[in-house]
Amino acid sequence: MIHDLHCHSTASDGTLSPTELVRHAIGQGVDVLALTDHDSTCGLEEARAAAGEELRLLNGIEISVTWGGRTVHIVGLGLDPDHAPLREGLVGIRETRETRAIRMAEKVEKLGVDDALNKARALAPGGLIARTHFARLLAQEGLAEDYGTAIRKYLLNGKKAFVSGHWADLEQAVGWITGAGGVAVIAHPARYNLTATKLRALVGAFRECGGQAMEVVSGSHSAQDVINMAVHVRNNGLHASCGSDYHGPENPWVELGRLRPLPADLPPVWDLLPAA
Ligand code: AMP
Ligand code: MN
Ligand code: MN
Ligand code: MN
């Protein structure tokens with residue numbers, strides 16, 4: 001069984017529509033797919049219709065969280081998108097995204113792109129604007145040779161077009177997910193450049209509010225990251241998840257359903273989800 005429990009559609013910063021994404025997952029032989037758009041569940045209905053009986057679709061989310069002064073991402077799997085506290089919480093985060101987008105557009109205009117907000121909106125058909133859209137815009141306008149360069153040159157913390165956002169608290173995000181009947185998962189933990197001590201603190205706080213799993217295998221994790229993250233899962237009695245973090249065919253180094261296996265001794269997160 002191929003599980004891919006982290007990916008994005010045009011409902012956030014992916015480039016494939018939910019239908020195209022699900023068709024692509026089926027083509028890749030994925031058996032269980034979780035659509036985990038940033039701070040939005042609005043792609044799920046379309047994805048479910050596209051999945052039919054050919055693939056098991058899990059309702060997912062990737063929530064932006066501010067913890068210890070940095071941004072971390074918490075994935076939710078198997079949740080009810082109509083749960084009111086979750087829905088209202090996500091509305092609040094999307095408002096923060098909108099005000100941040102306005103400020104980010106001002107900075108991007110200072111770099112030499114006119115009408116940056118409207119151009120970014122045109123690249124974001126789902127209505128949610130992420131740094132990803134500004135990076136694509138900067139590349140399109142010739143200010144960087146490609147998307148990855150644009151992110152690194154302008155949009156990471158401390159760079160010219162970076163604007164910080166205050167996202168959900170860890171406790172809120174985990175509470176919304178578990179309240180909606182889902183399982184909370186720390187997304188791509190090796191990406192945060194935390195010391196082992198800080199990561200232990202994050203995992204401790206996450207468990208205290210009801211979090212149960214961590215991505216061990218991720219499109220952005222190296223083989224060594226998998227080994228390191230497995231240690232945290234073992235030491236903290238967590239379950240292990242795996243997801244590509246696919247955003248579309250423009251980043252061919254990450255593909256749906258092409259993941260390293262989870263270390264065999266770790267309990268997989270799908271043991272916590274209802275059977276199909
Ligand atoms: P945002 O949630 O709007 O701050 O945007 C974060 C998104 O930007 C992530 O989900 C990725 O899609 C993208 N991103 C952030 N950092 C990087 C990076 N170092 N390389 C590639 N993409 C990145
Ligand atoms: Mn993204
Ligand atoms: Mn993420
Ligand atoms: Mn993601």
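What you see is a predicted model, and the numbers here were worked out from it, not measured in a lab.

Focus on the sheet that holds strand E3 (residues 56–67)
Think of a sheet as strands paired side by side through backbone hydrogen bonds, with each pair either parallel or antiparallel. Strand order in the open sheet formed by 7 strands is E1-E2-E3-E4-E5-E6-E7, with mixed pairing between adjacent strands. The sheet is open, and its two borders are formed by strand E1 (3–4) and strand E7 (239–243), each paired with just one other strand. Relative to strand E5 (residues 183–186), strand E4 (residues 70–77) runs antiparallel, the two being bridged by 4 bridges. Paired with Val-75 across the bridge in E5 is Val-185. Across the sheet, helix H2 (residues 44–51) touches strand E2 (32–35) and E3, and the angle it forms with E3 is around 155°.

Topic: the site of ligand 1
Neighbouring ligand 1 are Asp-13, His-38, Arg-97, Arg-100, Ala-130, Arg-131, Thr-132, Tyr-147, Ile-151, Leu-156 and His-247. At a separation of 2.8 Å, an oxygen atom of ligand 1 approaches a polar side-chain atom of Arg-97. The contact in question runs from a nitrogen atom of ligand 1 to an N or O atom on the side chain of Tyr-147, over 3.0 Å. Against a free-state accessible area of 490 Å², the protein chains account for coverage of 80% of ligand 1. Put simply, the parts of the chain that give the shell around ligand 1 at least two residues each are helix H3 (84–110), helix H5 (131–140) and helix H6 (147–155). A per-class count over the shell around ligand 1 returns 4 nonpolar, 3 polar and 4 charged.

Some thoughts on the pairing of E3
Counting buried positions over the 12 residues of E3 gives 11, a clear majority of the element. Pairing of E2 with E3 involves 4 bridges; the strand directions are parallel. Among the inter-strand pairings, Ala-34 is bridged to a residue of E3, identified as Leu-58. Alignment of E3 against E4, held across 8 bridges, turns out to be antiparallel. Across the sheet, Ser-64 pairs through a bridge with His-73, a residue of E4. Counting the residues between successive antiparallel strands, the hairpin from E3 to E4 contains 2 residues, one of them, Gly-68, with a positive phi of roughly 55°.

Re the coordination of the manganese ion (ligand 2)
Only Asp-13 (OD), His-38 (NE2) and His-247 (NE2) from the protein coordinate the manganese ion (ligand 2), and they sit 2.1 to 2.2 Å from it. All donor residues of the manganese ion (ligand 2) come from one chain, and their arrangement in sequence is D-x24-H-x208-H. A separation of 5.6 Å is found between the manganese ion (ligand 2) and the manganese ion (ligand 3). Here Asp-13, found in the loop between E1 and helix H1 (18–27), pairs with His-247, found in the segment after E7; they are 234 residues apart in sequence, far enough to count as distant. Each member of the pair, Asp-13 as well as His-247, carries the same accessibility label: buried.

Observations regarding the nonpolar core
Grouped together as the largest cluster of nonpolar side chains are 50 residues, with contacts concentrated most on Ile-63, Ile-74 and Val-216. Aside from chain neighbours lying at most four places away, what touches Ile-63 is Asp-39, Val-72, His-73, Ile-74, Leu-86, Leu-90, Ile-93, Ala-168, Ala-173, Trp-176 and Ile-177. Judged by nonpolar contacts, the second largest core, of 22 residues, contains Ala-105, Leu-137, Leu-138 and Val-163.

Details of the packing of H1 against H2
Packed helices, taken two at a time, are described by the angle between their axes plus the distance between the axes. The contact between H1 and H2 brings their axes to 8 Å, and the two run at 40°. Put simply, H1 runs oblique to H2. Handedness of the crossing formed by H1 with H2: right-handed. In contact with Pro-18, Thr-19, Val-22, Arg-23 and Ile-26 of H1, H2 contributes Glu-46, Ala-47, Ala-50 and Ala-51. Residue composition of the contact of H1 with H2, by class: 6 nonpolar, 1 polar and 2 charged.

With respect to helix H7 (residues 170–179)
Within H7 the residues assigned to the buried category are Leu-170, Ala-173, Val-174, Trp-176 and Ile-177. One face of H7 carries all of its buried residues, which in axial projection span an arc of 155°. The inward-facing, buried residues of H7 contact E3, E4, H3, E5 and helix H8 (196–208). Of the residues flanking the end of H7, it is Gly-181, one or two places downstream, whose phi is positive at about 80°.

Description of the coordination of the manganese ion (ligand 3)
Distances from the manganese ion (ligand 3) to its protein donors, namely Glu-62 (OE), His-73 (ND1) and His-188 (NE2), fall within the range 2.1 to 2.2 Å. Mapped onto the sequence, the donors of the manganese ion (ligand 3) take the spacing E-x10-H-x114-H. Exposure remark for His-73: the relative accessible area of 14% places this residue in the buried category.

With respect to the packing of H5 against H6
Where H5 meets H6, the axes come as close as 8 Å, and the angle between the chain directions of the two elements is 110°. Relative to H6, the element H5 lies roughly perpendicular. For the pair formed by H5 and H6, the contact residues are Arg-131, Thr-132, Phe-134, Ala-135, Arg-136, Leu-138 and Ala-139 on the first element and Tyr-147, Ala-150, Ile-151, Tyr-154 and Leu-155 on the second. Broken down by class, the residue content of the contact of H5 with H6 amounts to 9 nonpolar, 1 polar and 2 charged.

Scoring rules and cut-offs
Residues numbered from 1 in each chain as written. Chains lettered and ligands numbered in written order. Predicted model: local features only at pLDDT ≥ 70, side-chain atom pairs only at ≥ 80, totals over all residues. Heavy atoms only, no water. Pairing = 2+ DSSP bridges. Helix = DSSP H or I, 4+ residues; strand = E, 2+ residues; numbered from the N terminus. Contact = heavy atoms within 4.5 Å. Axes fitted to C-alpha atoms, helices over the stretch in contact; angles between N-to-C directions. Near = heavy atom within 4 Å. Polar contact = N/O pair within 3.5 Å; in protein donor to acceptor, adjacent residues only side chain to side chain. Areas by Shrake-Rupley, 256 points an atom, 1.4 Å probe, with all protein chains shown as cover. Nonpolar A, V, L, I, M, F, W, Y, C, P; charged D, E, K, R; others polar. Buried < 20%, exposed > 50% of the residue type's maximum accessible area, 1.4 Å probe, protein only. Donors = N, O, S within 2.8 Å, 3.2 Å for Na, K, Ca; no water. Core = buried A, V, L, I, M, F, W, Y, C linked by side-chain atoms within 4.5 Å. Parallel < 35°, antiparallel > 145°, perpendicular 65-115°, else oblique. Left-handed = near helix turned anticlockwise from the far one by under 90°. Arc of directions from axis to C-beta.

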